[in-house]
Amino acid sequence: MTSLAIDHPLVCVRNLAEARETYLKLGFLMKPPGMHPWGTSTALVIFRNQLLELVGIGDEGLLDGYPAGDFRFGRHVQHWLDEREGVPLSALNSSDAAADEAAVVARGGHCEGTIEFGRDVVRDDGTPDRTATTLKIFTRPGLPRLSMFACQQHRRDLIEFPQWMDHPNGAHGFVSATILAEPKDQPAVRDWLATLHGPGAVTATAGGFDVATGKGHWRVLDRDAARAVLGPLPDDLAPDSAPSVISLDVACQALDRVRPFVETGGFAAREIGGALVLTEPAKLGGILLTFQEAPKAP
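Since the structure is predicted, the reported quantities are computational estimates derived from the model, not experimental observations.

Cut-off values and rules
- Residues numbered from 1 in each chain as written.
- Predicted model: local features only at pLDDT ≥ 70, side-chain atom pairs only at ≥ 80, totals over all residues.
- Heavy atoms only, no water.
- 1 Å grid on protein atoms, 1.4 Å probe; cavity = no way out; pocket = protein on both sides within 12 Å on 5 of 7 lines; lining within 4 Å.
- Points joined across faces, edges and corners; volume = space filled by probe spheres on them.
- Nonpolar A, V, L, I, M, F, W, Y, C, P; charged D, E, K, R; others polar.
- Salt bridge = Lys/Arg side-chain N within 4 Å of Asp/Glu carboxyl O.
- Helix = DSSP H or I, 4+ residues; strand = E, 2+ residues; numbered from the N terminus.
- Buried < 20%, exposed > 50% of the residue type's maximum accessible area, 1.4 Å probe, protein only.
- Phe/Tyr/Trp six-rings, centres within 6.5 Å; stacked < 30°, edge-to-face > 60°.

> So what's going on with empty space enclosed by the protein? Residues and values would help.
Counted according to the given criterion, the structure contains 1 cavity of 30 Å³ or more. Lining the largest cavity are Met165, Asp166, His167, Gly170, Ala171, His172, Gln253, Arg257 and Lys296. Looking at the lining of the largest cavity, its residues break down into 2 nonpolar, 4 polar and 3 charged.

Structural data, given as structure tokens:
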């Protein structure tokens with residue numbers, strides 16, 4: 001088993017400013033928008049060792065930059081965003097990207113290549129500094145919306161600012177991310193996630209399986225099982241039924257801290273199985289968002 005953990009599935013949206021306002025209304029703190037060097041724009045919700053990241057197209061002239069072999073990060077986002085909003089790429093938290101790459105390759109995985117990048121920042125005391133990040137891109141034929149990358153933040157201290165992590169809604173990370181995969185697709189998805197996280201991480205469940213990661217788990221469900229845990233699924237949620245992330249399952253300190261934001265913001269929601277499920281993919285970036293009470297890690 002590798003140390004890879006769910007870090008941040010990329011919620012790709014056509015209007016970043018509008019999506020950012022939506023998540024602010026839900027009680028998340030969000031840093032001002034930024035730009036990746038390969039042309040995608042980004043807005044972040046910061047948790048401990050995890051992020052909720054909204055991504056849009058910022059500069060089409062940069063989308064072919066920072067190639068990893070034949071993989072172009074910006075072009076991948078653009079291509080799948082042209083079809084629909086949602087998650088076409090997910091980051092896996094890594095403390096040693098080279099070692100995680102070796103482990104994934106040893107289990108039969110393929111690394112497209114490596115991206116190294118950073119950006120200049122100014123610390124609170126006025127001192128200049130620079131972030132440093134290593135990405136290892138993992139893809140699997142037939143599962144383009146489950147493309148993944150190991151993400152090693154060498155200077156997490158320049159990303160995790162306490163003043164941006166005390167969210168008014170009490171959110172503090174992800175319990176899980178839910179993947180829709182119909183029965184015919186589940187063997188391929190199971191093999192892919194076992195390649196990334198190790199075969200011992202996989203546990204069968206009704207209508208699918210779970211895959212434990214270093215932090216949080218992938219919850220893989222067919223459409224019937226997804227209805228059982230999330231309620232009726234909107235028609236515009238993954239209408240192509242391609243295996244993909246359909247819900248980010250957010251850990252919060254108490255649902256009572258979330259409900260006022262949902263009600264004030266006029267968000268459609270239901271409570272089922274102890275979770276508060278927000279049910280409007282068109283507002284949320286092509287996904288559902290669930291809140292579940294969970295203890296905050298020390």
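> Can you tell me about the pattern of salt bridges, naming the residues and giving the values?
Tallied over the full model, the rule gives 20 salt bridges. As a salt-bridge pair, aspartate 120 and arginine 130 come within 2.9 Å of each other at their nearest N and O atoms. Placement of the pair is aspartate 120 in strand β7 (residues 120-122) and arginine 130 in strand β8 (residues 128-130), with a sequence separation of 10 residues. Using a relative accessible area of 60% as the deciding quantity, one classes aspartate 120 as exposed. When salt bridges that share partners are traced, they join Asp7, Arg48, Arg156 and Glu160 into one network.

> Tell me about the packing of aromatic side chains, and please be specific about residues and values.
Under the defined criterion, the tally for this structure stands at 7 aromatic pairs. With centroids separated by 5.9 Å and ring planes inclined at 70°, the aromatic side chains of tryptophan 38 and tyrosine 66 adopt a geometry described as edge-to-face. Here tyrosine 66 lies in the loop between β4 (50-57) and α2 (73-83) and tryptophan 38 lies in the loop between β2 (34-35) and β3 (40-47), a separation of 28 residues in the sequence. For tryptophan 38, a relative accessible area of 1% translates into the label buried. The class for tyrosine 66 is partly exposed, based on a relative accessible area of 35%. A centroid spacing of 5.4 Å and a plane angle of 65° characterise the contact between phenylalanine 73 and phenylalanine 149, whose relative ring orientation is edge-to-face. Taken together, the positions of phenylalanine 73 in helix α2 and phenylalanine 149 in strand β10 (residues 147-153) put the pair 76 residues apart, joining distant regions of the chain. Note on accessibility: phenylalanine 73 and phenylalanine 149 belong to one class, buried. One aromatic cluster is present, built from ring pairs that chain together Trp38, Tyr66, Phe73, Phe117 and Phe149.

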